[in-house]
Amino acid sequence: MKKISIVIPMYYEEEVVNECYIRTKVVLNSLSNYEHEIIFINDGSKDKTLDLLEEIAKEDKNVKVLSFSRNFGHQAAVTAGLKYVTGDCALIIDCDMQDPPELLVDMLRLWEQGNEVIYAKRKSRKGESKFKLLTAKMFYRILNGLSDVDIPKDTGDFRLVDRKVVDTINSMPEHNKFLRGLFSWVGYKQIPIEYERQERFAGKTKYPLKKMLKLASDGIISFSTKPLKIIGGIGFVSIFISIALLIYALISYIFNLNNLTAGWTSIMVAITFFAGVQLVSIWMISEYIARIYDDTKKRPEYIIDKKINIEEE
Ligand code: UDP
Ligand code: MG
């Protein structure tokens, strides 16, 4: 019998744990000709999330729990979950029921037809702030403009992937993973499936602006070197402008036009503008270097403090 694995990260989600388990379980039970496992990752929550997961895991041996020593972030949590997948395919899904687990039935059908990555594309998003909708939309467009791989728009991490793809992702040692980008980058047979993103079942988003910016910069920096090329472009333009200014100043001097004191403001503007350009450029380069540094340190991406219902080989 084929086996489905479900990977669900959780961060301060005590209000949704039970609903998430029950709804997911109903779907899995309806797919009676498949075996299943649910891997919950507690990403360092200090509320009742872990206690509730432990209770569930005591009753249901198909539920496995990994608990991190602290908060390592959503991408690290999914990465850890994927390492423990034992099924023939894996569904990555948020726990807040914004991504309906019922979609698994249609996704499985597409998987059985030979598709290896079935990614869920948001047709609409309910109950999210205008700010989030706008920034998300902009992000996917900017990322696509900058990136060398074609990363599908309006697609999160909600997807069903074949065992083969899980193994490929697991073999990648890079840190600061931007999973939805990697899933496109690996290739294989990919197909979208559209859905309506629902409102959060309970609680608030665990992706504040700071985490969104980190995810966005990981996405852009790990999938593109174009920002560096843009810096080069701006550098050339600024050199060109400064040569033009120099010529202008020389001509003024030679022909004694005496108009340069009036140019003080324009010089100040030019100096501050290009100082700004340089600082931004250095910052961009340092973002790349910081990620290289992270990878050379070879520190683990996450630390697992506790495992439940998982036998080690
Ligand atoms: N999450 C996590 N670690 C974090 C932040 C979020 O494991 O540091 C989980 C969270 O519990 C949820 C999923 O990642 O299952 C998506 O988070 P959320 O729903 O808050 O993000 P949004 O849907 O608002 O973008
Ligand atoms: Mg959510």
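Because the structure is predicted, anything quoted here is derived from the model rather than measured.

Another point: the site of ligand 1. Close to ligand 1 lie 19 residues; Asp43, Asp96, Arg197, Thr205 and Lys206 are nearest. In this structure, Tyr11 approaches ligand 1 through a main-chain N or O atom, which is 3.0 Å from an oxygen atom. Protein contacts shield 96% of the accessible area of ligand 1, which totals 530 Å² for the unbound molecule. Among the residues forming the shell around ligand 1, the class breakdown is 5 nonpolar, 5 polar and 9 charged.

Taken as a whole, helix α6 (residues 163-170) has its buried residues at Val165, Val166 and Ile169. All buried residues of α6 lie within an arc of 100 degrees about the axis, which places them on one face of the element. Its side-chain oxygen placed 2.9 Å from the backbone nitrogen of Lys164, Asp162 serves as the N-cap of α6.

So, on to the coordination of the magnesium ion (ligand 2). Coordination sphere of the magnesium ion (ligand 2), protein contribution only: Asp96 (OD) and Gln98 (OE1), at 1.9 Å. This pair shows no difference in class: Asp96 is buried, exactly as Gln98 is.

A few words now on the environment of Phe68. Its place among the elements puts Phe68 in strand β3 (residues 63-68). Accessibility expressed as a relative area gives 3% for Phe68, which makes it buried. Taking the C-alpha atoms as reference points, Phe68 and Ser45, separated by 23 residues in sequence, lie 8.5 Å from one another. Apart from the residues within four sequence positions on either side, Phe68 is in contact with Ile41, Asn42, Asp43, Gly44, Ala76, Ala77, Ala80, Tyr302, Ile303, Ile304 and Asp305.

Close approach of charged atoms allows side chains with opposite charge to pair. All chains considered together, the criterion is met by 20 salt bridges. One salt bridge in this structure joins Asp60 and Lys25, with 2.6 Å as the shortest N-O distance. Here the residue Asp60 occupies a position in the loop between α2 (49-59) and β3, and Lys25 occupies one in helix α1 (residues 17-30), the gap between them amounting to 35 residues. Here Asp60 matches Lys25 in class, with each residue buried. Notably, a salt bridge pairs Arg291 with Asp218, separated by 2.7 Å at the nearest N-O pair. Pair noted here: Arg291 is in helix α10 (residues 264-297) and Asp218 is in helix α8 (residues 209-222), with a separation of 73 residues, a long-range link.

Basis of the calculations
Residues numbered from 1 in each chain as written. Chains lettered and ligands numbered in written order. Predicted model: local features only at pLDDT ≥ 70, side-chain atom pairs only at ≥ 80, totals over all residues. Heavy atoms only, no water. Near = heavy atom within 4 Å. Polar contact = N/O pair within 3.5 Å; in protein donor to acceptor, adjacent residues only side chain to side chain. Areas by Shrake-Rupley, 256 points an atom, 1.4 Å probe, with all protein chains shown as cover. Nonpolar A, V, L, I, M, F, W, Y, C, P; charged D, E, K, R; others polar. Buried < 20%, exposed > 50% of the residue type's maximum accessible area, 1.4 Å probe, protein only. Helix = DSSP H or I, 4+ residues; strand = E, 2+ residues; numbered from the N terminus. Arc of directions from axis to C-beta. Donors = N, O, S within 2.8 Å, 3.2 Å for Na, K, Ca; no water. Contact = heavy atoms within 4.5 Å. Salt bridge = Lys/Arg side-chain N within 4 Å of Asp/Glu carboxyl O.

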